Structures are given as C-alpha cells and as structure tokens.
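Residue-level listing of the chains:
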Amino acid sequence: MGQSVILPPQRRQISPILTIVAPLHTWAQCASSVSSCMEQGVQHYHSHQQYSLQELLLPPDLQPSHPLWGGGFIAFSTYPNLAERIKTFYALAPITTLKHSKSPLKKFFLFPPFLFKIIFGNKAFYPHNYFDNILANEVCTREKLEALCSNAIFLHFGFDQKNLNMSRMDVYLSHNPEKTSVQNMLHWSQAVKSDKFQAFDWGNPVQNMRHYHQPTPPDCHLTDINVPIAVWEGGNNWVADPHDVDRLLSKFPKLIYHKRIPSYNHMDFVWGLNAPQEVYNKIVSMIEKDKN
C-alpha cells in the first residue's frame, strides 16, 4: 500500500509501508540460518535498519511505517543522520516496556537467562516445524476447535474475536508466532525485569565494558528522537498496555498524531478486519497530504 519509490536500475522498488518492516523479516530469516545472528539482541536490530534504509537510498521525504518493538526508536535516537531522512514515523502498537502488560507471555520472560538457554538453546527461538503445520492445517481448521485456537491467541494478545477472520486461522497459525533469536527474547526478558529501555545486558561488567565502554548497558534516550511520530494503539492490547504506551508517548518530542482504538488487541493492526478503516486509510491520507 502507499506510493512506490523509484530507485536506480540496480535497486528494487519498495513500498514505504514495508521499508522498515522488511529488515525485521530479514532478521527472522537470519535467526534460523546464521549462528552469529543468534548472538544479537534488539539493540542490533537498529543497525540492520540503518543499513537497509541506506542501501535502498531512502529519499528524505519517504515515510516508513513500523509496528514493531523498539527497533525504530533505537535507530532514530542512535543515528541522527538516519532520523534526518525520515519525514514521519508511523508506529502501530509501539512498546518499550511491559510494566502493565497482562499477557501471560510476561511471566515467560521471568525465566533466568541460564534456564532460558537450557530450554531453548542459544540460536533460533521457536522455529516453525512439522507440528505447527499439523496444528494449523489439521486441528484448528476443524469447526469445533476454531474457537479454542483463537482463544489461545487472544489469551496472549487480548480478546477481539469479532474482528478476526476465523476462516484464516490456519494461515495465522502457520506464520505466528514468528521465529526470532534467543538473545532477542532475552532482551525482552531484560526489559520486563528492569522496566527500562536499554541496550542488551551482557551479564557482567567486563562484557558490558567490551561492548559499550561502560559497566552497565546504556539507556535509549527517547527524548532524543527528532522525528515526527504518529501512533495508533489498542485499548484492549494485553501486550502493549495503554498505561505503558502513555508512558512512552510522554517522551516523544514530536508526537503529531495519536489514536487509541478501544477494542483493538495487539494483533488487530495486522489481522483486524477493520484495520484499513481504523488505521491504514489514515496513514495513506497523511502520506498523500505530506506529498502535496
């Protein structure tokens, strides 16, 4: 959706709505294939973003959208030269801390790092496998079990059954939850325990000194983000709770638009039947207005 960007012949065209989303997909692919990528957390995602945007020769007036945790905020606060090239940042269900999250996933992040690695290893977290395909295509496609499968999703993200296309349940479960790196999950765990938005804690002052030249992980200063930001959030979001979003919004120096959709859970921004009316039509109109 949105306008395309005309790039030099050796570059591919890309939709602005995918410009920043695409690197995370690359990150997920990386998480399942390259061991060195496993040894990175969310703080490394911003470098993937910077590289991807610069490689695509992103023009200064392009407005990417980003519905993902933390990566864009880290990138913009760390690389001012990148932030200068972003006209508007569209954030869907943004979150940097999980203090008020009601999702059972929050309990999952309380595992000690050593136990987490014993259970999941130190590479890919939750790679899709044959069992997932059976669950999606054979179990959750049965009419009597559809409600059970959907409730399993809602239990983590918030309930909004009327806004979910139940006939697509097999597709949703075939792709979600998406795989990532174990270290990325440990970074989430760190955010839950510390209630801070900061770089990955390597576990001891020596390793932190090696990576950051200081004994503790540095904070990400959201007040340094000099990019206009438009935010959509859900009032029924069990992951990005409205209290945590409010706390985040108070730190943005250039918040130009904010809409809270009372019924929306965390996944309605992706799966919601009325997402075009509630979210995407407005994004397109804002892009078109800025173009003119």
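Note that this is a predicted model, so its numbers are computed, not measured.

*Asks:* Is there a simple way to explain the pairing of strand β5 (residues 229-234) in this structure?
*Replies:* Regular strands show a simple pattern: their side chains alternate between the two faces of the sheet. In terms of burial, β5 is largely enclosed, as six of its six residues are buried. Covered by surrounding structure in β5 are Ile229, Val231 and Glu233 together with Ala230, Trp232 and Gly234, the residues of both alternating faces. Here strand β2 (residues 89-92) runs beside β5; their pairing, made up of four bridges, is parallel. Following the sheet pairing, Phe89 is matched in β5 by Ile229. Relative to strand β6 (residues 255-261), β5 runs parallel, the two being bridged by six bridges. Directly across from Gly234, in β6, lies its bridge partner Ile261. As a crossover connection, the stretch from β5 through helix α13 (residues 242-249) into β6 is right-handed.

*Asks:* How should I be thinking about empty space enclosed by the protein in this particular structure?
*Replies:* Empty pockets left among the atoms are what a rolling probe the size of a water molecule brings to light. Taken as a whole and judged by the stated rule, the model has one cavity of 30 Å³ or more. Volume-wise, the largest cavity comes out at about 50 Å³. Every residue along the wall of the largest cavity is listed here: Ile153, Phe154, Asp160, Asn163, Leu164, Asn265, Met267, Asp268, Trp271 and Gly272. Taken together, the residues that form the lining of the largest cavity break down as five nonpolar, three polar and two charged.

*Asks:* Teacher, can you tell me more about helix α11 (residues 182-194) here?
*Replies:* Note: α-helices contain 3.6 residues per turn, so residues at a spacing of three or four share the same orientation. If you check α11, its first and last C-alpha atoms are 18 Å apart, about what 13 residues at 1.5 Å a residue would give, namely 18 Å. Among the 13 residues of α11, 11 are classified as buried, and the element is accordingly described as predominantly covered. Phi turns positive one or two residues past the end of α11, at Asp195, with a value near 55°.

*Asks:* Can you help me understand the nonpolar core in this one?
*Replies:* Considering soluble globular proteins, one finds that nonpolar side chains tend to be buried as a cluster. Grouped together as the largest cluster of nonpolar side chains are 46 residues, with contacts concentrated most on Phe73, Phe76, Ile225 and Phe252. When contributions to this core are tallied by element, the ones reaching two or more residues are α4 (71-78), α5 (80-83), β2, α9 (143-157), α10 (169-175), α11, β5 and α13. Per-element accounting of this core gives the leading share, five residues, to α11. In this structure, Ile225 is in contact with Phe73, Phe76, Ser77, Phe252 and Pro253, ignoring residues within four places of it in sequence. Listed in part, the 14 residues of the second largest apolar core include Ala230, Tyr264, Ala275 and Ile287.

*Asks:* Teacher, can you tell me more about the confidence of the model for the chain here?
*Replies:* In low-pLDDT regions, the fine details of the predicted coordinates are not to be read closely. Residues with a pLDDT of 70 or more make up 68% of the chain, whose mean pLDDT is 74. By mean pLDDT, the top-scoring element of the chain is β6 (97), and the lowest-scoring one is helix α1 (residues 21-33) (33). A low-confidence stretch, residues 1-43 stays under pLDDT 50, and its non-local contacts, those more than four residues away or across chains, total 101 contacts. Low pLDDT, under 50, characterises residues 60-69; the predicted model gives this stretch 52 contacts beyond four residues in sequence or across chains.

*Asks:* Got a minute to help me understand the packing of helix α7 (residues 113-120) against α11 in this structure?
*Replies:* Each packed pair of helices is defined by two parameters, the angle between the axes and the distance between the axes. For the pair α7 and α11, the least separation of the axes is 11 Å and the interaxial angle reads 150°. Considering the angle they form, α7 stands roughly antiparallel to α11. Taken as a pair, α7 and α11 cross one another with a handedness that is right-handed. Contacts from Pro113, Phe116, Lys117 and Phe120 in α7 reach Val182, Met185, Leu186 and Lys193 in α11. When its residues are assigned to classes, the contact of α7 with α11 shows six nonpolar, no polar and two charged.

Criteria and thresholds
The numbering scheme is per chain: residues are counted from 1 as the chain's sequence reads. Local features in a predicted model are, by the rule used here, given only for residues with pLDDT of at least 70; side-chain atom pairs are given and counted only at 80 or more, and totals for whole chains, interfaces and linings are based on all residues. Remark: hydrogens and water are excluded; side-chain values derive from all non-hydrogen atoms of the structure. Buried residues are those whose accessible area, probed at 1.4 Å on protein chains only, stays under 20% of the maximum for their type, while exposed residues exceed 50% and partly exposed ones sit between those limits. Counting from the N terminus, the helices are DSSP H or I runs at least four residues long and the strands are E runs at least two residues long. Any two strands with at least two DSSP bridges between them are considered paired. Note on handedness: a crossover is taken as right-handed if, strands pointing away from the viewer, the path from the first strand over the helix to the second is clockwise. Cavities and pockets were defined on a 1 Å grid built from protein atoms only: a cavity is a group of points that admits a 1.4 Å probe but offers it no way out, a pocket is an open group of points flanked by protein on both sides within 12 Å along at least five of seven lines, and a lining residue is one with an atom within 4 Å of any such point. Grid points are joined across faces, edges and corners, and a volume is the space filled by probe spheres set on the points. Polar here means any residue outside two lists: the nonpolar Ala, Val, Leu, Ile, Met, Phe, Trp, Tyr, Cys and Pro, and the charged Asp, Glu, Lys and Arg; Gly therefore counts as polar. To estimate how far a helix should reach, multiply one less than its number of residues by 1.5 Å. Nonpolar cores were defined as sets of buried Ala, Val, Leu, Ile, Met, Phe, Trp, Tyr and Cys residues, with membership established by side-chain atoms within 4.5 Å. The contact rule is simple, with two residues in contact once any of their heavy atoms fall within 4.5 Å. pLDDT is defined as a per-residue confidence score from the predictor, taking values between 0 and 100. A fitted line through C-alpha atoms serves as each axis, taken over the contacting stretch for helices, and the angle formed by two N-to-C directions is quoted from 0 to 180°. Each angle gets one of four labels, with under 35 degrees taken as roughly parallel, over 145 as roughly antiparallel, 65 to 115 as roughly perpendicular, and the rest as oblique. Rotating anticlockwise by less than a right angle from the far helix to the near helix defines a left-handed crossing, while the corresponding clockwise rotation defines a right-handed one.

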